[in-house]
Amino acid sequence: MQKEEINPPFAVLTDLYLNFGNGRNGVSALFCMFEPMKNSLRTILLLWLALFSTRIVKSQDFEDVYRMLQESKILNDHFYGFSLYDLTANKFVMDVNGNKHFTPASNTKMYTTYAALELLGDSIPGLEYVERGDSLLIWGTGDPTFLHNRLDTRVVYNFLKRTNKTIYMVPGTMKNKFYAHGWAMEDFEAYYQPEISTFPIYGNVVTFRQKGYNHLNTSPGYFQKDLDFLPQPKLGDFELSRSFRSNTFWMSKRPVPNDYVNEVPFIYSDSLFVKLLSDTLGKKVNLLAYKKPNDTKILYSGETKNLLREMMLPSDNFIAEQFLMMCTRKQFGQFDTYLVRDWMKNKVYSFFSDEVAIFDGSGLSSYNKVTPQNNVDLLVLLKNKIPDEKVLFRLFPAGGVDGTLKRTYSKDQGEPFVFAKTGTITSVYNQSGYLITRSGRRLAFSFMNNNYIDDRAAVIRKEMAKIITYIRQTY
């Protein structure tokens, strides 16, 4: 396809279009220079864009990629958007539905990552405490790693285990709900949706492991007494379930599969917390209502960036929600994640291309809505926040290497070239992140797919990978 020639005045408008709304050498700068003519210029510009947007598209590089998108039967049977941004040239180089709103799913965790980097600091606060005579008073900080079966550093556990003082847990007040707005209540027993709390323990889940024929062990062992067989035999495969209103668990009277492991969220309460901690420490932990003094100390449990990586690579929803809890405690002195969302809206999103609507930290909420250009805006901010590529890319799954992109891409010339966050819920599959081409170009992209029949997800993922790989090998 031969490129159309563009006269100089229209080339200027093209450049303005590609940078519109991003505060990057574009329309905003022009309007600041000609403030008295602002409304007239805006009207003229938008009219030109409406009339000649097709010519703008054809005039750019990547017109072969545009053609791939337009001719893809897989992509064009649902709603998709794609934005591509050159990090060196500091401008958008491709855009299809980039200003349309999509459900981001776990692309939301990129926003949580930025909030944590801005508000939390380098270290994870594992415990807030004060000593009073022979008593040790402790407060939760929202840290999700305490006694977590994969993430616990044992720092807090060892501190509590070694003390000879009587331990008192002072409950924290959480102003938001244990579930975020837009979460599916029917997923209450799904491993990916534990309850949010001020002082998590064991990841707020019970881990069930096969131990011998038709037997499961629980971790923590406290819940072993709460596991029973379903009263009526059930046909079909083995199943494990929990009561909606209590921490009662049932297993079907079927052989437990070999090496079976499952995590089921429990209903959290402060009284349950002290029972679990007492059982684990082997000594009594008490509940106490006590006004927090000004001389409390903080015990740190790990590094922020390490925990962000643990959130981003497997796309851990629980860690994401607890990151917001830690941020709001650190920044505002209370557990109210809406304060973090308001802070992000006023300090960050107000400079984005389009309006951002985010209601949780993980992306489980169906209420979340962002545009591909929003995602690119955020990726640019993250790149500016962490200029070292090795450090930045470590926070994202690497295509063909690890995380949720391990099997989506293959390495090219022996190296990964995509570092991106996926987002997957029913009828949603997205990828947003960074792309390195063979020529060395650094690109940020957001590829979003919504509203397809869910069994097509694998085909859509494969089509996306084909297009991203083509850009890698061609540009």
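Above this note sits the structure.
Conventions used here
- Residues numbered from 1 in each chain as written.
- Predicted model: local features only at pLDDT ≥ 70, side-chain atom pairs only at ≥ 80, totals over all residues.
- Heavy atoms only, no water.
- Helix = DSSP H or I, 4+ residues; strand = E, 2+ residues; numbered from the N terminus.
- Polar contact = N/O pair within 3.5 Å; in protein donor to acceptor, adjacent residues only side chain to side chain.
- Contact = heavy atoms within 4.5 Å.
- Pairing = 2+ DSSP bridges.
- Axes fitted to C-alpha atoms, helices over the stretch in contact; angles between N-to-C directions.
- Salt bridge = Lys/Arg side-chain N within 4 Å of Asp/Glu carboxyl O.
- Buried < 20%, exposed > 50% of the residue type's maximum accessible area, 1.4 Å probe, protein only.
- 1 Å grid on protein atoms, 1.4 Å probe; cavity = no way out; pocket = protein on both sides within 12 Å on 5 of 7 lines; lining within 4 Å.
- Points joined across faces, edges and corners; volume = space filled by probe spheres on them.
- Nonpolar A, V, L, I, M, F, W, Y, C, P; charged D, E, K, R; others polar.
- Domains from an automatic or database assignment.
- Core = buried A, V, L, I, M, F, W, Y, C linked by side-chain atoms within 4.5 Å.

Considering the arrangement of structural elements, one finds H78 in the loop between α4 (63-71) and β1 (79-86). Here N449 takes part through its side chain, which lies 2.7 Å from a polar atom of the side chain of H78. Apart from the residues lying within four places of it in its own chain, the contact partners of H78 are N449, N450, N451, Y452 and I460.

All right, on to the sheet that holds strand β8 (residues 227-229) then. Pairing in this open sheet of three strands is mixed, and the strands run β8-β10-β9 from one edge to the other. Edge positions in the sheet fall to β8 and β9 (240-242), since each has one partner strand and no second. Each strand axis lies, on average, 30 degrees off the axis of its neighbour in the sheet, ignoring direction. Bridging between β8 and strand β10 (residues 249-251) involves three bridges; their strand directions are parallel. Residue F229 lies in a different strand from β10, and its bridge partner there is M251.

This brings us to the pattern of salt bridges. Oppositely charged side chains can form a pair if their charged atoms are brought close together. One pass over the full model with this rule turns up 16 salt bridges. A salt bridge links D295 to R132; the shortest N-O distance between them is 3.1 Å. Here R132 lies in strand β3 (residues 123-132) and D295 lies in the loop between β12 (285-287) and β13 (297-303), a separation of 163 residues in the sequence. Given a relative accessible area of 42%, D295 falls into the partly exposed group. By relative accessible area, R132 is classed as partly exposed at 31%.

Of the voids in this model, the largest pocket is the one considered here, and its volume is about 830 Å³. What lines the largest pocket is a set of 37 residues, among which Y191, Y192, S315, N317 and L364 lie closest to the centre. Among the elements of the structure, α9 (317-332), β14 (418-425) and β15 (428-436) are those that each provide at least two residues to the lining of the largest pocket. The dominant element in the lining of the largest pocket, judged by the number of residues it contributes, is β14, at four residues. Class assignment for the residues of the lining of the largest pocket results in 13 nonpolar, 18 polar and six charged. Each of domain 1 (62-119 + 310-474) and domain 2 (127-302) contributes no fewer than three residues to the lining of the largest pocket.

For the peptide bond that leads from S219 to P220, omega is 5 degrees, which places it in the cis range. Backbone geometry at R154 places phi at a positive 70 degrees, although glycine is not the residue there. Position of R154 relative to the elements: it lies in the loop between β4 (135-139) and α6 (155-162). You will see that S427, though not glycine, has its phi angle at about 65 degrees, which is positive. Note on placement: S427 falls in the loop between β14 and β15.

Looking now at the nonpolar core. Side chains that are nonpolar tend, in soluble globular proteins, to be buried together. In this structure, Y111, F323, M344, Y349, L382, F396 and Y434 are the most contacted members of the largest nonpolar core, which totals 49 residues. Ranked by residues supplied to this core, first place goes to helix α5 (residues 108-119) with seven residues. Not counting residues up to four positions away in its chain, the partners in contact with F323 are T112, A116, L120, I124, T304, L307, L308 and M311. Listed in part, the 36 residues of the second largest apolar core include Y129, V206, V256 and V264.

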